[in-house]
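Now for the letters of each chain:
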Amino acid sequence: MSTPLKDVKIAVIGLGYVGLPLAVEFAKKFPVIGFDIASKRVKELNNGHDFTLEVEDHDLQAVLATSSPKEKGLYNSDNPADLSDCQVYIVTVPTPTDRHNRPVLTPMLKASETIAKYLKKGDVVIYESTVYPGVTEEECVPLLEKNSGLVYNKDFFAGYSPERINPGDKEHTVSKILKVTSGSTPEIAEYVDSLYREVIVAGTHKASCIKVAEAAKVIENSQRDINIAFVNELSKIFNLLNIDTQEVLEAAGTKWNFLPFKPGLVGGHCISVDPFYLAQKAQEVGYHPEIILAGRRLNDSMGKHVATEVIKHMMRKDLKVIDSKVLILGFTFKEDCPDVRNTRVIDIYSELRNFDIAVDVYDPWANPEEVKHEYGVDIIGGKNCPSLEEYSAVVLAVAHKEFKALPIQKSKNLVVYDVKAVLDKDKVDARL
């Protein structure tokens, strides 16, 4: 039997964009151990600062504990032994893809092996990481059994409650987004649901089983990916027809049931990754998912498309292309957020460099060291944007609030391409 909620101690495994906000919410009511293998990350958090900016420093500091808490509070640690007296383990580690777009389950499997060392009778392991249907019970649970010596659904139990974090969104925070929950038995499903109801003010939806909850998560972002691919394709068509895509979408949007998707670069750790998880599982059971993969191919082509359009406009103005200078504004995968994971701005950069163009990237939100480490690109950070007079073209790739105030204006010597359609139409040469 699982531990009564009033006596439970929670471990959150993985303190990134998903894990930390969840750990902070739970720490307001429960004793929580926040575990991460990155010692630098743990030290930063124990000093009261979150570099992802998902949690405000004062909110983090309000729940921090200097040692393992007894009643409530958050103690962050990189020592697995601190997990030993927890009864609920929530796994919020990354689930990326490799360079061939194949799912990488290694972080989840390693987390399961770590938890298994401390698993006790009555404990519950809940996974939040995005996966294809079946991963929890077919991949993770066997590791928990093997490394703990305990029997699933007799000695310990499992649940799945997919994360719905939207990085950079200060309105739809973790407690304000309705949460899907599930459990390995009807009783555990109710237990998991009750646990999340303690902190999720938006409410919960209890799925019938773990596989349904896993599938619900993976199709959320697959649906968005396909819809964005559709409007990206429209933008390519309308560009050839010399029609402004944004004006078409505004007109079509006057119908009550028209879906308000916009064209753009699709990056980040969810929308551009999750469809591959579903596609992988579909192919394992003998089905080739045509629409899902077609949407991925189209969205992954947009960075090269933007770069090609910029070069076309430079040539139309009789501006030199080879050895010219182009400024890209923004490198993160979305606006007003420091997250650079799987950003597709790198595709614009790489394609422009293929034409021997000197490309500068300015982003006041991105960490230059992280960008250099992950992408091998030196970017300009800080508050001061380079002078636009130095460049033959400016590409507004990310709609950071700082960029909206810049004096950007097309001229005979400057091409302005607005990927996000946030500038006035008369100030730009083209936009998606």
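If you check an unreviewed UniProt entry, the protein appears there as Nucleotide sugar dehydrogenase from Cyclobacterium amurskyense. According to the UniProt record, the Sequence similarities (unreviewed entry) comment for the protein reads "Belongs to the UDP-glucose/GDP-mannose dehydrogenase family."

1. What to know about the environment of leucine 352
If you trace the backbone, leucine 352 turns up in helix 12 (residues 345–353). For the pair leucine 352 and valine 306, spaced 46 residues apart in sequence, the C-alpha to C-alpha distance is 9.5 Å. What leucine 352 contacts, discounting residues up to four positions off in sequence, is Ala307, Ile311, Val326, Ile328, Ile357 and Val359.

2. Brief notes about the pairing of strand 4 (residues 88–91)
The alternating pattern of strand 4 places Val88 and Ile90 and Tyr89 and Val91 on opposite faces, both of which are buried. Two strands pair when backbone bridges link them, and strand 1 (residues 10–13) and strand 4 are joined in this way by four bridges, in the parallel orientation. By the bridge assignment for strand 4, valine 12 is matched with isoleucine 90. In this sheet, strand 5 (residues 124–127) lies alongside strand 4 in parallel orientation, the contact comprising four bridges. What sits directly across from valine 88, in strand 5, is valine 124.

3. Digging into the sheet that holds strand 10 (residues 358–362)
Taken in spatial order, the five strands of this open sheet run 10-9-11-12-13, and their pairing is parallel. One side of each edge strand has no neighbouring strand; the edge strands of this open sheet are strand 10 and strand 13 (430–431). As paired elements, strand 9 (residues 325–329) and strand 10 share five bridges and run parallel to each other. Paired with valine 326 across the strands is valine 359, a residue of strand 10.

4. Notes on the UniProt feature "domain: UDP-glucose/GDP-mannose dehydrogenase C-terminal" (unreviewed entry) in the protein
Under the UniProt annotation, "domain: UDP-glucose/GDP-mannose dehydrogenase C-terminal" (unreviewed entry) lies at residues 327–425. For residues 327–425, the helix share is 17%, the strand share is 16%, and the end-to-end C-alpha distance is 19 Å.

5. Here's the deal with unusual backbone geometry
Although it is not a glycine, aspartate 336 adopts a positive phi angle of roughly 50°. Structurally, aspartate 336 is set in the loop between strand 9 and helix 12. The class for aspartate 336 is partly exposed, based on a relative accessible area of 24%. One non-glycine residue, aspartate 356, lies in positive phi territory at about 60°. On the secondary structure map, aspartate 356 appears in the loop between helix 12 and strand 10.

6. Section: the environment of isoleucine 177
Counting through the fold element by element, isoleucine 177 comes out in the loop between strand 6 (157–160) and strand 7 (179–181). Put simply, isoleucine 177 and asparagine 166 are 11 residues apart on the chain and 9.6 Å apart in space, counted from C-alpha to C-alpha. Those residues within four positions of isoleucine 177 in sequence are excluded, and the remaining contacts are Arg164, His172, Ile200 and Ala202.

Rules behind the numbers
Residues numbered from 1 in each chain as written. Predicted model: local features only at pLDDT ≥ 70, side-chain atom pairs only at ≥ 80, totals over all residues. Heavy atoms only, no water. UniProt positions renumbered as here; feature names shortened; annotations may be inferred. Helix = DSSP H or I, 4+ residues; strand = E, 2+ residues; numbered from the N terminus. Contact = heavy atoms within 4.5 Å. Buried < 20%, exposed > 50% of the residue type's maximum accessible area, 1.4 Å probe, protein only. Pairing = 2+ DSSP bridges.

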